[in-house]
Amino acid sequence: DFHDYFAQAVELKTAGKDVSLNSFSRVPIPPKVIQDGEIRDKVELKKILTTFLDTANPAPIKTTKVVCSFPSKKVFTHTFTFPAALNYKELKKAIPFEAETVIPFSMSDIYWDFTVIHKDNPSEQHATQKVLLACIPKETADSYVDLLESMGLEPFAFTIPAEGAKYGL
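Worth saying up front: this structure is predicted, and the values here are computed from it rather than measured.

Caption draft 1: Expanded view of the environment of E100. The topology assignment puts E100 in the loop between α2 (88–99) and β7 (110–119). Setting aside anything within four residues of it in sequence, one finds E100 in contact with S106 and M107. At 3.0 Å, the side chain of E100 forms a polar contact with the backbone nitrogen of M107.

Caption draft 2: Local environment of the packing of helix α1 (residues 42–54) against helix α3 (residues 138–150). Relative to each other, α1 and α3 sit at 55 degrees, their axes nearing to 10 Å. As judged from the angle between their axes, α1 and α3 are oblique. Viewed along their axes, α1 and α3 form a crossing whose handedness is right-handed. Within the contact between the two elements, α1 uses K42, L45, K46 and L49 and α3 uses D146, L147 and S150. Residues of the contact of α1 with α3, tallied by class, amount to three nonpolar, one polar and three charged.

Caption draft 3: Broad picture of the side chain of T140. Along the chain, T140 falls in helix α3. Taking relative accessible area as the criterion, T140 reaches 0% and is therefore assigned buried. Sequence-distant contacts of T140, defined by excluding residues within four places in its chain, comprise G37, E38 and K74.

Caption draft 4: Quick look at the pairing of strand β1 (residues 6–15). With ten bridges connecting them, β1 and strand β2 (residues 18–28) associate as antiparallel partners. Within β2, the residue paired with T14 across the bridge is V19. The turn linking β1 back onto β2 is made up of two residues, and G16 within it adopts a positive phi angle of 65 degrees.

Caption draft 5: Fine view of a nonpolar patch on the surface. Taken together, V10, L12, V19, L21 and F24 make up a surface patch of nonpolar side chains, about 480 Å² in accessible area. Contributing elements (two or more residues each) for the nonpolar patch: β1 and β2. The topology assignment puts L21 in strand β2. Taking relative accessible area as the criterion, L21 reaches 55% and is therefore assigned exposed.

Caption draft 6: Structural view of the nonpolar core. With 24 residues, the main nonpolar core has F2, L45 and L49 as its most contacted residues. At the level of elements, β1, α1, β5 (65–69) and α3 are the ones that each hand at least two residues to this core. Aside from chain neighbours lying at most four places away, what touches L45 is F2, I29, V33, I34, I39 and L147. Among the nonpolar cores identified, the runner-up in size contains twelve residues, and F80, I95, A99 and M107 belong to it.

Caption draft 7: Local environment of the packing of aromatic side chains. Inspection of the entire model under this criterion finds six aromatic pairs. Look at F70 and Y144: their rings are 6.0 Å apart centre to centre, the planes differ by 80 degrees, and that puts the pair in the edge-to-face class. Taken as a pair, F70 in the loop between β5 and β6 (76–83) and Y144 in helix α3 lie far apart in primary sequence, 74 residues in all. For F70, a relative accessible area of 7% puts it in the buried group. Centre to centre, the rings of F70 and F158 are 5.3 Å apart; their planes meet at 5 degrees, and the pair counts as stacked.

The rules behind the values
- Residues numbered from 1 in each chain as written.
- Predicted model: local features only at pLDDT ≥ 70, side-chain atom pairs only at ≥ 80, totals over all residues.
- Heavy atoms only, no water.
- Helix = DSSP H or I, 4+ residues; strand = E, 2+ residues; numbered from the N terminus.
- Contact = heavy atoms within 4.5 Å.
- Polar contact = N/O pair within 3.5 Å; in protein donor to acceptor, adjacent residues only side chain to side chain.
- Axes fitted to C-alpha atoms, helices over the stretch in contact; angles between N-to-C directions.
- Parallel < 35°, antiparallel > 145°, perpendicular 65-115°, else oblique.
- Left-handed = near helix turned anticlockwise from the far one by under 90°.
- Nonpolar A, V, L, I, M, F, W, Y, C, P; charged D, E, K, R; others polar.
- Buried < 20%, exposed > 50% of the residue type's maximum accessible area, 1.4 Å probe, protein only.
- Pairing = 2+ DSSP bridges.
- Patch = residues over 30% accessible without salt bridge, like charges linked within 9 Å, V, L, I, M, F, W, Y side chains within 5 Å.
- Areas by Shrake-Rupley, 256 points an atom, 1.4 Å probe, with all protein chains shown as cover.
- Salt bridge = Lys/Arg side-chain N within 4 Å of Asp/Glu carboxyl O.
- Core = buried A, V, L, I, M, F, W, Y, C linked by side-chain atoms within 4.5 Å.
- Phe/Tyr/Trp six-rings, centres within 6.5 Å; stacked < 30°, edge-to-face > 60°.

Have a look at this one:
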């Protein structure tokens, strides 16, 4: 998780069904390395992140598989209401048409995903479902992935900060 002013990481360890904290690190990021969620100095950020992983407590973070949390300044969220009768495939087709009426990006310029956060019983009259959309400009997401991959890391999942979901709700 890295943003304009800090970076933080945790390494989790699993043993059967148990999950425990293996290492933790947090470090400030100097101004102008990341501005408004955009990576401005990739070389400096790479140095900071490499050092911060190597100096984690109580031991260096050695995993290569990482989950990346995108900066809330670059994530756009919105909640839509659709008829409860729509299934996943139908929602996936309908969302782009609805999204382009409220988001400041073309659908071709973003990565997006959605989840149903509430669904009435479809047999009820006027039943609806609430759908949370989250999206990020491809340029921003790709710059984060490129940086992580240049460090030998493998981003395999992406999240949005809690406040990003909160704004959508």
